[in-house]
Every structure is written in C-alpha cells, then in structure tokens.
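A look at the structure
Spelled out from the first residue to the last, the chains are:
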Amino acid sequence: MNDAESLTRSIGEAPDLAALEQLRVAALGKSGSVTAQLKSLGSMSPEERTAKAPHVHALREQVTAALAQRKAALEKAELERKLATEKIDLSLPATDLAVGTVHPVSQVLDELAEIFADLGFAVAEGPEIEDQWHNFTALNMPEFHPARAMQDTFYCERIDGSDAAELHVLRTHTSPVQVRTMTSQPPPIRIIAPGRVYRSDSDATHTPMFHQVEGLVIDRNITMGHLKWTLETFLKAFFERDDIVLRMRPSYFPFTEPSAEVDVGWSMEKGRRVVGGSEGWMEVLGSGMVHPKVIANCGLDPDEWQGFAFGTGVDRLAMLKYGMDDLRAFFDGDLRWLKHYGFRALDVPTLSGGVGA
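Model, not experiment: these values are computed from the prediction.

The rules behind these values
Residues numbered from 1 in each chain as written. Predicted model: local features only at pLDDT ≥ 70, side-chain atom pairs only at ≥ 80, totals over all residues. Heavy atoms only, no water. UniProt positions renumbered as here; feature names shortened; annotations may be inferred. Helix = DSSP H or I, 4+ residues; strand = E, 2+ residues; numbered from the N terminus. Phe/Tyr/Trp six-rings, centres within 6.5 Å; stacked < 30°, edge-to-face > 60°. Buried < 20%, exposed > 50% of the residue type's maximum accessible area, 1.4 Å probe, protein only. Lys NZ or Arg CZ within 6 Å of the ring centre and 35° of its normal. Core = buried A, V, L, I, M, F, W, Y, C linked by side-chain atoms within 4.5 Å. Contact = heavy atoms within 4.5 Å.

Residues given the UniProt feature "coiled-coil region" (unreviewed entry) here are residues 60-87. The span residues 60-87 is 93% helix and 0% strand, and its two end C-alpha atoms sit 41 Å from each other.

Quick look at the structure:
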C-alpha cells in the first residue's frame with residue numbers, strides 16, 4: 001500500500017473531528033509527512049525533481065481533498081445527531097438580558113418637542129460656552145447685574161493668555177439661543193430652546209448642571225393673551241390633564257416686561273401631590289413679554305415686532321410628572337435608579353392625543 005492509499009484510508013476512518021485534525025497535522029503540518037516530501041524537492045537535482053514533483057503535489061491534493069470530504073461528512077453526522085437527540089423547551093422563560101432605558105430627562109425632552117411641534121414651534125440649539133454679550137448684555141443684563149457674580153456663574157479660564165480677552169461663561173440659561181435666533185433669521189419666529197445650563201448652586205432641588213427649555217415667539221401684535229394660551233395648552237398636553245389651572249403673578253426678569261411667574265394648581269392623589277386641580281399652587285414657569293431693549297439689541301424694531309418668552313426646568317417637569325423627589329439623583333449615574341425611573345425604548349409613553357385645536 002503506497003503513501004496516498006494509507007493516508008486517505010486513515011482519513012476516511014477518522015472517528016471524529018479531533019482525530020481528523022490530528023491526521024491533518026501529521027500529514028500537512030509543519031512537520032508532516034507530506035510537507036517533508038515537499039521540502040525535499042528543493043535538495044534534488046533538476047532531473048530527479050522533474051520526476052518526483054508531480055507525484056508529491058498530487059499526494060498533497062489527494063490528502064487535502066480527503067480531509068475536506070471527511071470533515072464535511074463528520075459535521076453532517078454531528079448535526080443530524082444533535083437534531084435527533086437535542087430538544088428545546090419552548091415553555092421555559094427567555095434569558096433575562098440587560099436592557100438599557102431612556103433617561104427621564106431624554107423622555108421629557110422628546111415630549112416637549114412633540115407638543116411644541118404641534119403648536120408650530122421649531123427646536124433651536126446653541127453653544128454651551130457663551131460669550132458675555134449673548135449670555136448677559138443682549139438680554140438687558142449690564143456689567144453690574146448680580147447674575148454676573150462669580151458665586152452665580154461659572155467663568156471659563158482664558159486660553160489665549162491675554163488679559164484683555166473677555167471671559168466666556170458656561171451659559172446660565174438657554175436665552176442666548178433666543179438672541180442667536182433673532183440675529184440670524186427674520187421674524188416671525190417660533191422656537192423652543194432646550195439644553196444644558198450651568199449655575200453655581202447645589203441642593204435637593206438645584207444642581208450645578210441642569211436642563212432647561214425656553215420658548216420664544218416674535219411677531220406682530222403679540223399679547224400676553226397669546227402667552228397665557230400657549231402655556232395653558234402646553235401644560236395640559238404635557239401633564240395630560242384637562243383640569244390644569246394657571247395663575248400668573250407679576251414678577252421681574254431683566255429680559256421681559258411685563259414679567260410673570262406662572263403657578264399651576266395641584267391636588268393630592270393617593271398620598272402624592274400631582275399637577276392638576278386647585279388644592280394649592282406651585283411655581284412651574286417664568287415668562288413675560290420680550291423687553292423692547294432685547295428686541296432692539298437683536299437688530300429688530302420693537303415698535304414693529306413684539307413677542308413673548310418663557311422658560312422652565314426640564315428636570316423639574318420630569319420630577320412633577322413622574323414622581324421623583326430629589327434632583328441630584330438625575331445625575332448620580334445609579335443604574336438602580338435609572339432602571340426604576342427610566343423608560344424602555346419600545347415602551348416609552350407617547351402623547352398620542354396631541355395638542356387640541
């Protein structure tokens with residue numbers, strides 16, 4: 001029996017894939033018998049190499065083909081064995097895979113965009129590191145205004161080494177987005193400006209970084225009546241209740257005149273305070289008519305264009321709607337908290353009713 005017959009017979013009788021792999025290594029591995037014959041061709045004379053090379057190459061091809069054939073046969077037999085013997089109990093519960101959740105802030109931001117889109121508002125964005133003109137001066141807050149104090153605002157270090165360079169700030173509100181919008185596009189304007197803002201404050205209801213959404217409307221003949229209707233419509237859609245009652249109290253903001261704090265009625269349900277009803281009042285928004293100086297600072301004529309603006313904390317809205325009691329937990333990164341309060345991506349609540357006409 002020659003080498004080819006011996007090798008192919010051994011390969012054909014290999015009982016399993018492990019034994020087949022051993023035969024492959026013994027024949028075609030670095031120290032295999034067929035490999036040794038291939039290496040020996042280099043030391044032969046040209047005449048001898050011409051005579052033996054075809055037989056050696058034919059042996060390698062024959063062994064390779066036999067290995068492939070036996071491997072396919074063994075794999076097929078193994079699959080048939082598994083199909084015949086292994087069973088899956090479809091009544092067993094599926095493996096509980098770790099699934100991420102949508103953060104309450106992300107959920108509320110999506111709800112806000114949905115509501116205001118129904119009201120004809122676009123979403124506008126701006127930088128989180130602002131110059132002082134956009135963050136303060138254009139909004140009728142001069143250099144001596146208290147909001148510019150170091151204990152209220154985070155100032156960024158100069159990066160150019162120049163003493164004359166004005167310090168930039170981490171924006172203290174999203175109002176600079178309103179300024180950037182008014183200076184970059186003509187009226188009429190209807191936008192909301194959601195995003196992260198920063199203030200030097202930290203307790204159970206305040207964090208150094210939080211989320212805010214502001215709204216802006218600039219058009220002709222805009223009144224406080226338009227503002228009140230917009231806020232009432234928004235709050236009814238967001239809290240999904242028709243018994244929302246608003247109270248607007250005179251207040252002061254440098255960028256609006258007149259200004260008003262907006263309170264919403266609340267009631268007790270199942271031992272929890274919820275928005276809706278009229279057992280008491282809680283503050284939820286700041287609002288007012290855009291100050292003529294702000295309109296003029298943005299290059300518009302305040303005698304022709306009027307508007308209103310409002311702002312509220314996104315985190316606070318989430319707390320009121322979904323029953324959280326400590327703002328700091330929003331930023332702790334505790335997976336247990338997020339698993340409890342977060343929303344599954346395919347099960348998030350939607351405002352299917354939309355905004356009524």
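Inspection of the entire model under this criterion finds 11 aromatic pairs. When the centroid spacing of 5.7 Å and the interplanar angle of 20° are considered together, the rings of Phe-116 and Phe-310 count as stacked. Taken together, the residues Phe-116 in helix H5 (residues 104-118) and Phe-310 in strand S11 (residues 306-313) connect sequence positions 194 residues apart. Relative accessible area serves as the criterion here: at 1%, Phe-116 is assigned to the buried category. Aromatic ring contacts, followed pair by pair, group Phe-116, Phe-121, Phe-234, Phe-238, Phe-239, Phe-308 and Phe-310 into a single cluster. Cation over ring: Lys-321 sits above Phe-238, and NZ or CZ is 4.6 Å from the ring centre.

Counting 41 residues, the largest nonpolar core has Leu-112, Phe-234, Leu-235, Phe-238, Phe-239 and Phe-330 as the members making the most contacts within it. For this core, the secondary structure elements donating two or more residues are H5, strand S6 (209-219), helix H8 (224-239), strand S8 (256-269), strand S10 (280-290), S11, helix H10 (314-322) and helix H11 (335-341). At 7 residues, the largest contribution of residues to this core is made by H8. Those residues in contact with Leu-112, other than ones at most four positions away along the chain, are Ile-192, Val-213, Phe-234, Phe-238, Val-314 and Leu-317. By size, the runner-up hydrophobic cluster in this structure holds 22 residues, among which are Ala-193, Cys-298, Leu-300 and Trp-305.

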